[in-house]
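Survey of secondary and tertiary structure
One letter stands for each residue in the lines below.
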There are 2 protein chains.
Amino acid sequence: MQISRSLEYAVRSLVCLVNSKEPLSLKRIASGEKIPSPYLAKIMRTLVNGKIVCSTRGRKGGYFLLIPPEEIALYDLYLLFEKKDKFLPCFEDNSYCPTPGKCVRKVVWYKIENAVIKAFKNVSLQEMAGKNNLSGKAKK
Amino acid sequence: MQISRSLEYAVRSLVCLVNSKEPLSLKRIASGEKIPSPYLAKIMRTLVNGKIVCSTRGRKGGYFLLIPPEEIALYDLYLLFEKKDKFLPCFEDNSYCPTPGKCVRKVVWYKIENAVIKAFKNVSLQEMAGKNNLSGKAKK
DNA sequence: ATAAAAATGGACTTCTTAAGTCCACTTTTT
DNA sequence: AAAAAGTGGACTTAAGAAGTCCATTTTTAT
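The model shown is predicted, which means the values in this text are computed figures rather than measured ones.

1. Observations regarding the pattern of salt bridges
Counted under the stated rule, the structure contains 8 salt bridges over all chains. Of the charged contacts in the structure, one is a salt bridge between B:Arg105 and A:Glu8, with a shortest N-O distance of 3.3 Å. Here the residue B:Arg105 occupies a position in helix 6 (residues 104–121), and A:Glu8 occupies one in helix 1 (residues 5–18), the pair thus bridging two chains. Here B:Arg105 and A:Glu8 have matching classes, each one buried. Put simply, A:Lys111 and B:Glu127 hold a salt bridge, and the shortest N to O gap is 2.7 Å. With A:Lys111 in helix 6 (residues 104–121) and B:Glu127 in helix 7 (residues 125–128), the pair connects residues from two separate chains.

Laid out in structure tokens, this is it:
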């Protein structure tokens, strides 16, 4: 039960984009965040394909956000980097399970999975960037 | 983000114990649940060391619960099988992190981790065994 | 007493997958 | 046209989960 390094790298990189007006190149992000740049390249491609960021090539190229950070939920990233549909081994492979199909335990496990998903849906990239106006929320 | 097979095996085995009056031997559990028995042996040892079950040796020996199943939270098992303290890589190893010590992101990640922990605390072994009197709860 | 049936402990192997690398290619700017 | 950027995919490495093995101890039935 552990967040993958990929997801953590992705969050860090996206926070960089939140804090930048111009597009940021792979190299800039990688060196700033101390992430191996070929590995980050792969992560950024996933983010591009997942429609979380946009990229431009050539000189002055780089990555930037497509949508405002308060509209990006951590859950969107969870889906990209923590391949879904196998929260539990037996969710996709019945060979580990003496009771294929629905069973009491599975129902309970799904309940837990849903709580986890909810936790990821409740956090925005904005919040990860430390820019949430929590005071507003807190006041009422 | 995935439940380990060990934890799932542990839950299944414990449910067997809930449903049994006498102690169950490793072999009985392993064959009933189709779990490789030397592997289950390791799991049962973890449960014994974790004070979740008790064991007796020799003929007629086996495993049995020490405490009533409604007092065993899934979180107790989570602690035994999903080694804590590394929900996030950087929680225990700063080398992956350009900002050691507290940072905005870590605070948010902890928040998520807490939601996960809460989800595991909310489920008892009793519930996993399908013996929860939910009707009582639901009524009021 | 002793044999059989059980748990224990720890070292070991195997397998999966996350993490990371590499390279040939395309696109854009100066 | 050269330099600086992203792209795609195949590949390698490393870590940890999953599983095995064996020698030992404990208990019970005969």
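Okay, back to it.
2. Description of the interface of chain A and chain B
With 37 residues of chain A at the contact, the number on the chain B side is 37 residues. Summed over the shared surface of chain A and chain B, the number is 4 salt bridges. Counting across the interface, chain A meets chain B through 8 residue pairs in polar contact (both at pLDDT 80 or more). Contributing elements (two or more residues each) for the side of chain A that touches chain B: helix 1, helix 2 (26–33), helix 4 (74–81), helix 6 and helix 7 (125–128) of chain A. Counting residues per element, the side of chain A that touches chain B draws most heavily on helix 6 of chain A, at 10 residues. Of the residues belonging to the side of chain A that touches chain B, the class tally is 25 nonpolar, 3 polar and 9 charged.

3. Focus on the confidence of the model for chain A
Residues and elements named next belong to chain A. Of the residues in chain A, 91% have a pLDDT of 70 or more, and the chain-wide mean is 89. Averaged over each element, pLDDT in chain A is lowest for helix 8 (residues 134–139) (42) and highest for helix 3 (residues 37–49) (98). Taken together, the stretch residues 135–140 has pLDDT below 50 and engages in 0 contacts with residues farther than four places along the chain or on a different chain.

4. Side note on the nonpolar core
Counting residues in each nonpolar core, the largest one holds 92 residues, and the members touching the most others are A:Leu47, A:Trp109, A:Phe120, B:Leu47, B:Trp109 and B:Phe120. Ignoring any residue separated from it by four or fewer positions in sequence, one finds B:Trp109 in contact with A:Ile3, A:Leu7, A:Glu8, A:Val11, A:Leu74, A:Phe120, A:Met128, B:Phe87, B:Leu88 and B:Phe91.

5. As for the relation of the copies chain A and chain B
The two copies are related by a screw operation: chain A maps onto chain B through 180° of rotation and 0.0 Å of translation along the axis, at an RMSD of 0.1 Å. Both copies of the chain, as the preceding transformation shows, are related through a two-fold rotation axis. Of the C-alpha atoms belonging to chain A, the one lying closest to the rotation axis is found on A:Met1, 2.5 Å away.

6. Examining unusual backbone geometry
Positive phi, close to 55°, is recorded for A:Lys34, a residue that is not glycine. As for its placement among the helices and strands, A:Lys34 is situated in the loop between helix 2 and helix 3. For A:Lys34, a relative accessible area of 64% translates into the label exposed. Phi at B:Lys51 is positive, roughly 65°, even though this residue is not glycine. For B:Lys51, the position within the fold is in the loop between helix 3 (37–49) and strand 1 (53–56).

7. Overview of the protein's contact with DNA strand C
The immediate surroundings of DNA strand C are formed by 23 residues, with A:Lys42, A:Arg57, B:Leu26, B:Ser55 and B:Arg57 found nearest. Of what DNA strand C places within 4 Å of the protein, 72% of the atoms are sugar or phosphate. In the environment of DNA strand C, a base oxygen lies 2.8 Å from a nitrogen or oxygen atom belonging to the side chain of A:Arg57. One of the side-chain nitrogen or oxygen atoms of B:Arg45 is found 2.9 Å away from a base nitrogen of DNA strand C. Every element with two or more residues in the surface near DNA strand C is listed here: helix 1 and helix 3 of chain A together with helix 3, strand 1 and strand 2 (62–65) of chain B.

Reading the values: rules and limits
Residues numbered from 1 in each chain as written. Chains lettered and ligands numbered in written order. Predicted model: local features only at pLDDT ≥ 70, side-chain atom pairs only at ≥ 80, totals over all residues. Heavy atoms only, no water. Salt bridge = Lys/Arg side-chain N within 4 Å of Asp/Glu carboxyl O. Helix = DSSP H or I, 4+ residues; strand = E, 2+ residues; numbered from the N terminus. Buried < 20%, exposed > 50% of the residue type's maximum accessible area, 1.4 Å probe, protein only. Contact = heavy atoms within 4.5 Å. Polar contact = N/O pair within 3.5 Å; in protein donor to acceptor, adjacent residues only side chain to side chain. Nonpolar A, V, L, I, M, F, W, Y, C, P; charged D, E, K, R; others polar. pLDDT = per-residue confidence, 0-100. Core = buried A, V, L, I, M, F, W, Y, C linked by side-chain atoms within 4.5 Å. Least-squares fit on C-alpha atoms with pLDDT ≥ 70 in both. Near = heavy atom within 4 Å.

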